[in-house]
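Take a look at the letters that make up each chain.
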Amino acid sequence: MSKNLLVANWKMNFKLPEATEYVARLEERYEQDEQLEVVLAPTTLFIPTLKSALSGDKIQLASQTLSAPEFGAFTGETSCAQLAGLVEYSIIGHSERRQYFNETDDDIAEKVKFALGAQITPIICVGETAQQRADGQTVEVLTKQLVSALDSIDASQVIVAYEPIWAISSTPGVQQATPGIIAATISEIKQIIANISSAQPPILYGGSVNPDNLESYLKIPEISGALIGNASLDVEKMCAMIEIAKRVEQ
Ligand code: PGA
């Protein structure tokens, strides 16, 4: 994938009218660019409505998670089979899913396989806590997460998002990651993947990305785009970030 990917992770934000207005404004403002893919990850509930509201394939949709079994007695869940055809991508293993919903590396590995089976490209999130980094465990943590998630799949079919938990805007005491730290850690991620796979997936960066720092992140050669939470909730900021991504790729 030579293009940049900007993924807006809306998390549990917006009511439906706000979401549809956002999409209308974004579609109006965003002039499609061959080298850029713009993806919105709304709450699952809004996906069919937004899918109908979107014209053409200018903007793609992602789910923020999915459930591995295709059908069954799993109250409250939405499966890969139900999302198939509605989303191109699914964010899998976000740190908030790991932390608040007790998703394990095994759960995430299973979801990755089911997503691929449903023709949904998984965006696999990995990242360490501040404590793990301070204790020198970053490579160990990333290795465990990646080895599990990429086990017996074709890594060229997935996207990896490096999201250091300490840099996610909702983390208490959040710190912005410097391009130097991100570049060094992504090199380590590439090495970990090279040890287990002949394919290298595109790697996104996520963690307090905003219009002020996006350019410095996208200039890191190993980065293929960004996963954006808080700043993506403001459509004007999202439009500004799209313009930055278009400029940086030139
Ligand atoms: P943030 O969120 O941009 O608000 O830090 C990123 C994420 O959690 O995916």
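Numbers given to residues run from 1 along each chain, matching the order in which its sequence is written. In view of the model being predicted, local features appear only for residues whose pLDDT reaches at least 70, and side-chain atom pairs are presented and counted only at 80 or more, with totals across whole chains, interfaces and linings using the full set of residues. With hydrogens and water set aside, each side-chain value is computed from the structure's full complement of heavy atoms.

Draft legend 1. Quick peek at the overall build of the protein chain. Only DSSP runs of H or I with at least four residues qualify as helices, and only runs of E with at least two residues qualify as strands; both kinds are numbered from the N terminus onward. What the protein chain contains, in helices and strands, is 10 helices and 8 strands. Taking 2.2 N^0.38 as the reference for a compact globule, 250 residues should give roughly 18 Å; the C-alpha atoms of the protein chain span a radius of gyration of 17 Å, in line with that estimate. Seen through its principal axes, the protein chain has C-alpha atoms that stretch 45 × 45 × 35 Å. Expressed as a percentage of contacts within the protein chain between residues at least 6 apart in sequence, the contacts between residues at least 24 apart total 72%. A residue counts as positive if it is Lys or Arg and as negative if it is Asp or Glu; His and the chain ends are not included. Throughout, a charge is located at the NZ atom of Lys, the CZ atom of Arg, the CG atom of Asp or the CD atom of Glu. Measuring between centres, the 18 positive side-chain charges of the protein chain sit 3 Å from its 32 negative side-chain charges. The size measure is the radius of gyration over C-alpha atoms, and the globule rule it meets is 2.2 Å times the number of residues to the 0.38 power. Contacts between residues were defined by any pair of non-hydrogen atoms, one from each residue, lying within 4.5 Å.

Draft legend 2. Local environment of helix H7 (residues 138–149). Look at H7: 17 Å from first C-alpha to last across 12 residues, which is about the 16 Å you get at 1.5 Å a residue. Residues of H7 that are buried sit in contact with helix H4 (95–100), helix H5 (105–117), strand E5 (121–126), helix H6 (130–134), strand E6 (159–162) and helix H8 (179–196). The length a helix should cover is 1.5 Å for every residue beyond the first.

Draft legend 3. Inspection of the packing of H7 against H8 at higher detail. Each axis is a line fitted through C-alpha atoms, taken for helices only over the stretch in contact, and angles between the N-to-C directions span 0 to 180 degrees. Contact pair H7 / H8: the axes reach a minimum separation of 10 Å and the direction vectors enclose 45°. In terms of orientation, H7 lies oblique with respect to H8. Note that H7 runs across H8; the crossing there is right-handed. Mapping the contact onto sequence places Thr138, Val139, Leu142, Thr143, Leu146 and Val147 in H7 and Thr185, Glu188, Ile189, Ile192, Ile193 and Ile196 in H8. Here the residues of the contact of H7 with H8 sort into 8 nonpolar, 3 polar and 1 charged. Convention used here: angles under 35 degrees read as roughly parallel, angles over 145 as roughly antiparallel, angles from 65 to 115 as roughly perpendicular, and any remaining angle as oblique. Each crossing gets its hand from how the near helix is turned against the far one by less than a right angle, where anticlockwise is left-handed and clockwise is right-handed. The classification used treats Ala, Val, Leu, Ile, Met, Phe, Trp, Tyr, Cys and Pro as nonpolar, Asp, Glu, Lys and Arg as charged, and all other residues, Gly among them, as polar.

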